[in-house]
Amino acid sequence: MTIAEERSAANRFVLSEDEVPQRWYNLVVDLPYDIDPPLHSTEDRPALTEDYDWLWPTECLKIEFLQGRYATDPWIEVPDPVLRTYRRYRPSTLVRAQGLEEYLDTPHQIFYKREDLNPGGSHKFNTALAQAYYAAQDGVETLVTDTGAGQWGTALALACAAFGIKLKVFMVRKSFDEKPYRRNLMRMLGAEVISSPSRTTRTGRGVLDKDADSPGSLGIGMAEAIELVRNDPSHRLALGCMSYYAAMHQTVIGLETQAQLAQAGVGADVLVGCVGGGSNFTGFVAPFVTGEDRPLCIAAEPASVPTLTTGEFRYDWADYERQTPRIPMYTLGSDFVPPPIHSGGLRYHGKTPILSSLVKHGLITPRSFDQQKVFEAGQLFLRTEGVLPAPESSHAILAAIDEAKQGGKPRTIVICLSGHGYLDLQGYADVLDLG
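Rules of the game
- Residues numbered from 1 in each chain as written.
- Predicted model: local features only at pLDDT ≥ 70, side-chain atom pairs only at ≥ 80, totals over all residues.
- Heavy atoms only, no water.
- Salt bridge = Lys/Arg side-chain N within 4 Å of Asp/Glu carboxyl O.
- Buried < 20%, exposed > 50% of the residue type's maximum accessible area, 1.4 Å probe, protein only.
- Pairing = 2+ DSSP bridges.
- Helix = DSSP H or I, 4+ residues; strand = E, 2+ residues; numbered from the N terminus.
- Polar contact = N/O pair within 3.5 Å; in protein donor to acceptor, adjacent residues only side chain to side chain.
- Contact = heavy atoms within 4.5 Å.
- 1 Å grid on protein atoms, 1.4 Å probe; cavity = no way out; pocket = protein on both sides within 12 Å on 5 of 7 lines; lining within 4 Å.
- Points joined across faces, edges and corners; volume = space filled by probe spheres on them.
- Nonpolar A, V, L, I, M, F, W, Y, C, P; charged D, E, K, R; others polar.
- Axes fitted to C-alpha atoms, helices over the stretch in contact; angles between N-to-C directions.
- Core = buried A, V, L, I, M, F, W, Y, C linked by side-chain atoms within 4.5 Å.

### Focus: the pattern of salt bridges
Line of reasoning, step 1. On inspection of all chains with the given rule, the structure shows 17 salt bridges.
Line of reasoning, step 2. Notably, a salt bridge pairs Glu403 with Arg411, separated by 3.0 Å at the nearest N-O pair.
Line of reasoning, step 3. With a relative accessible area of 6%, Glu403 lands in the buried category.
Line of reasoning, step 4. Ionic contacts of the salt-bridge type, sharing partners, join the residues Arg90, Lys113, Glu115 and Glu256 into one network.

### Focus: the sheet that holds strand β15 (residues 412-417)
Line of reasoning, step 1. Taken together, the seven strands give an open sheet; going across it, the order is β1-β4-β5-β15-β10-β11-β14, and neighbouring strands pair in mixed fashion. What marks the edges here is a single partner per strand, and that holds for β1 (12-13) and β14 (365-369).
Line of reasoning, step 2. The pairing of strand β10 (residues 270-274) with strand β11 (residues 296-302) spans five bridges and is parallel. Within β11, the position partnered with Leu271 by the bridge is Cys297.

### A few points about the side chain of Thr147
Line of reasoning, step 1. With respect to the helices and strands, Thr147 occurs in strand β6 (residues 142-147).
Line of reasoning, step 2. In terms of polar contacts, Thr147 uses its side chain to reach the backbone amide nitrogen of Gly150, at 3.4 Å.
Line of reasoning, step 3. Beyond its immediate stretch of four places on either side in the chain, Thr147 contacts Trp152, Gly153, Val169, Phe170, Met171, Val172, Met186 and Leu218.

### Notes on the layout of surface pockets
Line of reasoning, step 1. In this structure, the largest pocket spans a volume of roughly 400 Å³.
Line of reasoning, step 2. Around the largest pocket, the lining is made up of 25 residues, and of these Asp36, Pro37, Pro38, Glu64 and Phe65 lie nearest the centre.
Line of reasoning, step 3. Within the lining of the largest pocket, the residues separate by chemical class into 19 nonpolar, four polar and two charged.

### Regarding the packing of helix α9 (residues 202-210) against helix α10 (residues 218-231)
Line of reasoning, step 1. With their axes 8 Å apart at the nearest point, α9 and α10 run at an angle of 145 degrees to one another. Contacts from Arg202, Thr203, Gly204 and Val207 in α9 reach Ile220, Ala223, Glu224 and Glu227 in α10.

### Let's talk about the environment of Phe313
Line of reasoning, step 1. Along the chain, Phe313 turns up in strand β12 (residues 312-316).
Line of reasoning, step 2. A residue is classified by how much of its surface remains accessible, and Phe313, at 27% relative accessible area, is partly exposed.
Line of reasoning, step 3. Separated by 18 residues in sequence, Phe313 and Thr331 have C-alpha atoms that sit 6.3 Å apart.

### Notes on empty space enclosed by the protein
Line of reasoning, step 1. Across all of its chains, the model carries one cavity of 30 Å³ or more by this definition.
Line of reasoning, step 2. Quantified by volume, the largest cavity comes out at close to 270 Å³.
Line of reasoning, step 3. What lines the largest cavity is a set of 25 residues, among which Lys124, Trp152, Leu218, Cys241 and Gly345 lie closest to the centre.
Line of reasoning, step 4. Contributing elements (two or more residues each) for the lining of the largest cavity: β6, α6 (151-163), α10 and α13 (279-285).

### A short note on the sheet that holds strand β8 (residues 192-196)
Line of reasoning, step 1. Pairing in this open sheet of four strands is parallel, and the strands run β8-β7-β6-β9 from one edge to the other. Two strands lie at the open edges of the sheet, namely β8 and β9 (235-237), each paired on one side alone. Between one strand axis and the next, the sheet turns by 25 degrees as a mean value, whatever way the strands run.
Line of reasoning, step 2. The pairing of β6 with strand β7 (residues 166-172) spans six bridges and is parallel.

### Section: unusual backbone geometry
Line of reasoning, step 1. Cis geometry is found at the peptide bond from Arg90 to Pro91, where omega equals 0 degrees.
Line of reasoning, step 2. Tracing the sequence through the fold places Pro91 in the loop between α3 (80-86) and β4 (94-96).
Line of reasoning, step 3. Of note, the amide linkage connecting Ser196 to Pro197 takes the cis form, showing an omega dihedral of 10 degrees.
Line of reasoning, step 4. When you line up the elements, Pro197 lands in the loop between β8 and α9.
Line of reasoning, step 5. Phi at Leu66 takes a positive value of approximately 50 degrees, unusual for a residue other than glycine.
Line of reasoning, step 6. Here Leu66 shows up in the loop between α2 (58-64) and β3 (75-77).
Line of reasoning, step 7. Positive phi, normally seen in glycine, also occurs at Met242, with a value near 60 degrees.
Line of reasoning, step 8. Within the fold, Met242 resides in the loop between β9 and α11 (244-249).

### As for the environment of Val270
Line of reasoning, step 1. Structurally, Val270 can be placed in strand β10.
Line of reasoning, step 2. Distance from Val270 to Met222, taken between C-alpha atoms, is 33 Å for residues 48 residues apart in sequence.
Line of reasoning, step 3. Discounting residues that sit within four places of it in the chain, Val270 has contacts with Pro295, Leu296, Ile298, Glu403, Arg411, Thr412, Ile413 and Val414.

### What to know about the nonpolar core
Line of reasoning, step 1. Among the nonpolar cores identified, the biggest contains 99 residues, and Trp24, Leu27, Trp56, Tyr86 and Ile364 are the most heavily contacted of them.
Line of reasoning, step 2. In terms of residues, this core owes the most to one element, helix α5 (residues 125-138), which gives eight residues.
Line of reasoning, step 3. Those residues in contact with Leu27 that lie beyond four places of it in its chain are Tyr244, Ala286, Val289, Thr290, Ile354 and Leu358.
Line of reasoning, step 4. Counting 31 residues, the second-largest nonpolar core is a separate cluster that includes Phe375, Phe381, Ala399 and Ile413.

In structure tokens form, the structure reads like this:
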């Protein structure tokens with residue numbers, strides 16, 4: 001079959017509602033190595049669940065510390081209330097990028113997994129629903145979180161509304177100022193949205209006293225959220241990334257992708273996703289990374305926040321104030337404040353331990369990309385596929401384009417399109433000088 005004939009075949013692969021994954025894949029159980037345990041935030045000893053039972057909902061705490069079944073069972077049942085809500089928008093579609101293939105005149109097949117069509121506009125809804133459900137089961141009154149570009153905050157606001165929980169969001173100042181539509185959407189859903197760093201917390205006041213114009217960071221926002229949780233027993237923390245439970249919840253992406261590639265009659269040679277903390281990418285590649293025919297898995301990050309490509313692998317804190325357990329990860333330092341790039345969801349100093357371990361053991365290949373070229377790739381994707389990706393997702397698209405330009409035997413390249421960019425148009429306009 002010629003390339004033209006291949007491209008005239010079906011280009012959308014859709015599973016039925018009954019094929020939504022009913023179990024999350026607990027990758028850590030099947031890894032050929034052990035991940036070093038979390039350490040106490042200030043004491044020279046392993047962290048214990050009782051040290052942090054004030055911080056997370058109970059089930060999230062068990063997942064994070066690999067307690068009980070999470071230490072041994074590779075398959076974890078999705079709770080029925082979460083599964084029912086998943087089925088409102090899952091399975092998400094796998095699409096053959098025929099327009100992009102034709103533009104690049106490449107012999108390789110390119111597919112993209114659309115995680116942008118759910119109510120929150122990104123993959124974040126997959127874990128937001130689970131975390132809000134677990135919090136409701138504990139009788140938590142208020143979840144508190146940080147958000148960069150606002151995709152996570154929006155997803156959690158939707159989830160909290162679904163399960164009747166209040167929400168407070170510390171939104172990184174850079175995005176708070178530049179992305180008013182996301183903060184307005186969160187507020188419409190009943191969330192309290194606070195620009196971070198803020199005068200609400202001791203952490204925020206300390207940052208602002210040093211730099212009144214601080215653009216903020218996810219680490220600072222997380223520290224502010226943790227301060228509220230520590231001071232109010234009715235509050236708990238929710239994390240869209242930098243937690244194992246968020247990465248595990250995202251495996252619905254990879255499991256569906258596996259089934260859809262089988263439907264298309266192809267196997268994955270290259271898997272590409274963007275990485276902030278690492279949840280969407282880890283969930284996307286998790287079902288593929290331990291097999292004998294492991295594809296090339298490319299983690300795409302900003303050149304200005306090159307955590308995986310130039311960071312140090314060591315124990316570090318996830319938050320600016322060093323209140324979280326110390327975890328083994330690639331990091332630029334918990335006090336690192338990233339430059340104010342437009343990809344707000346990727347402005348994070350560290351990568352979750354599960355992803356960091358995959359990189360350390362050579363199962364994942366990290367690459368970094370310049371913002372200008374990333375936004376140009378997003379524009380090209382809009383013109384060829386009719387879909388505007390989030391700036392974060394455009395990192396993955398640029399990485400896939402680079403792979404598609406390589407010669408050799410035809411390969412199947414699959415992109416995790418982690419979110420849409422329709423609320424990021426001002427960022428695109430600024431970088432691309434659209435006037």
